Amino acid sequence: MKAAVLVKQNAPLEIYEVGLPMLDIGQVLVRIEHSGICGKQIDEITGRQGEDRFLPHLLGHEGGGEVVEIGPGVTKVKVGDRVVMHWVKGSGIDSAAPRFNHKGEVLSAGWVTTFSEYTIASENRLTPVADDVPSDIRALLGCAVTTGLGIVFNNAKLLPGQSIAVFGVGGVGINVVQGANLVSAYPIVAIDRSDEKLAYARGFGATHTINADKEDVAGALKELSKGRGFAATVDTTGLNRVREVAYDATDPKKGVTVLCGVPFAGDRLSIDSFPLHMGRRLIGSHGGDTAPDVDIPRYVALYLLGKLRLDELITARFPLADINSAVDLVRDGKTCGRCVIAM
Ligand SMILES: [Zn+2]
C-alpha cells in the first residue's frame, strides 16, 4: 500500500510502497477513505518542537475509514464498520504501535496514522459511526471538530451569553467559533490576519471580527468586553505574543484562557500570574479533552440534525499523490476551512 512518509524535516513527504505487518493484540486494519491535514503534521514536518528522533515515520491523525480486519482481542469494532480515526484515546485496548516496513527498513508510526491507503490502528483510536456519515466528514471528527468544540464545552465550559475571543480561525479556531455559536455565547470575537478567514468565521457565528494586521487587538478587545475582559479566550496560534494578548484580554476575576496552539520549542510565556490565585484559570487543551466514545456520537447526531455544519468546513481536496500541495496550502494558511486528502 502507498503511504506518505516523513523522511526528512523541511522536505517534501515521500510516497513509499509500504508493507503491513501481522495484526497484534488490539490492532485493527483500516482502509482509509479520507484524511484531514492538521497543523500538528505541519509542525512535525517543519520541526516546530525540535529535532524528530523517529524519522522516517508515517503521519496524519484524523481520518475516516472502513474496518477490513481485526486483530486478537478486538471487540470495539467489526469488519465493515465505518469509523472515525482519532489520536485522542477512547475506550478499548491500547495496543502496541504498528511497525510498518519499506525495503527492509522499519518505519515508525503512532497508534493511528492516516496519510496512507491502509493503516493499522489501536482499537482505542477508532470510534464506529453510522454508515450515512460520509468518510470526509468522519475525517474532520478525528481532530479539528472535536478539538474546537471540546475547547468550548469541556475546557472553557462556556455558558449562553458569556463572551469569547478566538485567536486564529483555522481548522480548530473555526470550530471554537461554531461551538460558541451552538451555546449562544455573546459576543463571539474572531481574530486573524486574513480578511477572508474572518468573513468565513462570521459565517460560522462570529459576531465581531478583528484583523490583527490592521487593528489594535488589545484595545478592540477591551472595548468589546466593556473593560471587563472575556469569559474565555482561546489561542490556536501557539505564538507567544498572541498568547500573552489572549491572557491579558481574559476576565481577571473568573475568566479562562485556553491554550491550544503548539508552542515553539524553548518558548517561555511572560504573564502576570497573580490573578490565577483569585479564580482565574490558564489551561492547555489536550484535543479539547474529548472523550471520543461520548462526544463523537453527540456531534454526529448534531450533524445529522443539521445543527452542526461540517460539509461547509471542507474547502480543499487533494489525492494522496498530491499531498505535498496540501501541505503547502495548510502551512501557508491559504485555505479558510479544512483540507482533506482522498485515498
Ligand atoms: Zn489535529
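This text goes with the structure placed above it.
Quick look at the structure, then.

Reading the values: rules and limits
- By convention here, each chain's residues receive numbers from 1 onward along its written sequence.
- Local features are withheld for residues below a pLDDT of 70 in this predicted model, meaning they are given only at 70 or higher, and side-chain atom pairs are given and counted only at 80 or more; totals for whole chains, interfaces and linings count all residues.
- Side-chain metrics in this entry use all non-hydrogen atoms of the structure; hydrogen atoms and water are not considered.
- Whenever a carboxyl oxygen of Asp or Glu lies within 4 Å of a side-chain nitrogen of Lys or Arg, that contact is scored as a salt bridge.
- Here a helix means four or more residues in a row that DSSP labels H or I, a strand means two or more in a row labelled E, and each is numbered from the N terminus.
- Throughout, exposure labels follow a simple rule: accessible area from a 1.4 Å probe, protein chains only, divided by the maximum for the residue type, with under 20% read as buried, over 50% as exposed, and the rest as partly exposed.
- Paired strands are those between which DSSP finds at least two bridges.
- Note on definitions: angles span 0 to 180 degrees between N-to-C directions of axes, and those axes are lines fitted to C-alpha atoms, for helices only across the stretch in contact.
- What makes two residues a contact is simply this: any of their non-hydrogen atoms within 4.5 Å.
- The reported arc concerns the directions from the helix axis to the C-beta atoms and nothing else.
- The rule for donors is simple: an N, O or S atom within 2.8 Å of the metal counts, and for Na, K and Ca the reach is 3.2 Å. Water is not among the atoms, so a site may look short of donors.

1. Some words on the pattern of salt bridges
Pairing is possible between side chains of opposite charge, provided their charged atoms come close. In total, this model carries 20 salt bridges according to the counting rule given. When the shortest N-O distance is used, the salt bridge between D293 and K76 registers 2.8 Å. Of the two residues, D293 is situated in helix α8 (residues 292-304) and K76 in the loop between β5 (62-70) and β6 (82-86); the sequence distance between them amounts to 217 residues. Looking at K76, the relative accessible area reads 18%, which means it is buried. Taking the shortest distance from any N to any O, the salt bridge between K78 and D81 comes out at 3.1 Å. Accessibility expressed as a relative area gives 54% for K78, which makes it exposed.

2. Re the sheet that holds strand β11 (residues 164-167)
The sheet built from six strands is open, its strands ordered β13-β12-β11-β14-β15-β16 with parallel pairing. Looking along the sheet, the strands with just one partner apiece sit at the ends: β13 (208-211) and β16 (281-284). Averaged over all neighbouring strand pairs, the angle between strand axes comes to 15°, with direction disregarded. For strand β12 (residues 188-192) and β13, the ladder comprises four bridges, and the chain directions are parallel. Each bridged residue has a counterpart across the sheet, and for D192 the counterpart in β13 is N211. The strands touched by helix α4 (residues 173-182) are β11, β12 and β14 (232-235); relative to β11, the strand with the most contacts, the crossing angle is about 165°.

3. Remarks on helix α9 (residues 323-331)
Buried residues of α9: I323, A326 and V327, and no others. When α9 is viewed along its axis, its buried side chains cluster within an angular range of 100° and face the same direction. Lining the buried residues of α9 we find β1 (2-6), β2 (14-17), α1 (39-46), β17 (314-319) and β18 (338-342). Residue G333 follows α9 closely and has a positive phi angle near 65°.

4. What about the coordination of the zinc ion?
Distances from the zinc ion to its protein donors, namely C38 (SG), H61 (NE2) and C143 (SG), fall within the range 2.0 to 2.1 Å. Here the donor residues of the zinc ion are spaced in sequence according to C-x22-H-x81-C. Of this pair, C38 sits in the loop between β3 (27-36) and α1 while H61 sits in the loop between β4 (57-58) and β5, placing them 23 residues apart in sequence. Of the two residues examined, C38 and H61, each falls in the buried class.

5. Describing the pairing of β6
Most of β6 is tucked away: four of the five residues are buried. In terms of strand pairing, β5 meets β6 through five bridges, oriented antiparallel. Pairing of E66 across the sheet is with R82, part of β6. Sheet topology note: the β6/strand β10 (residues 126-129) ladder contains four bridges and is antiparallel. Residue pairing across strands places V84 opposite T127, the latter belonging to β10.

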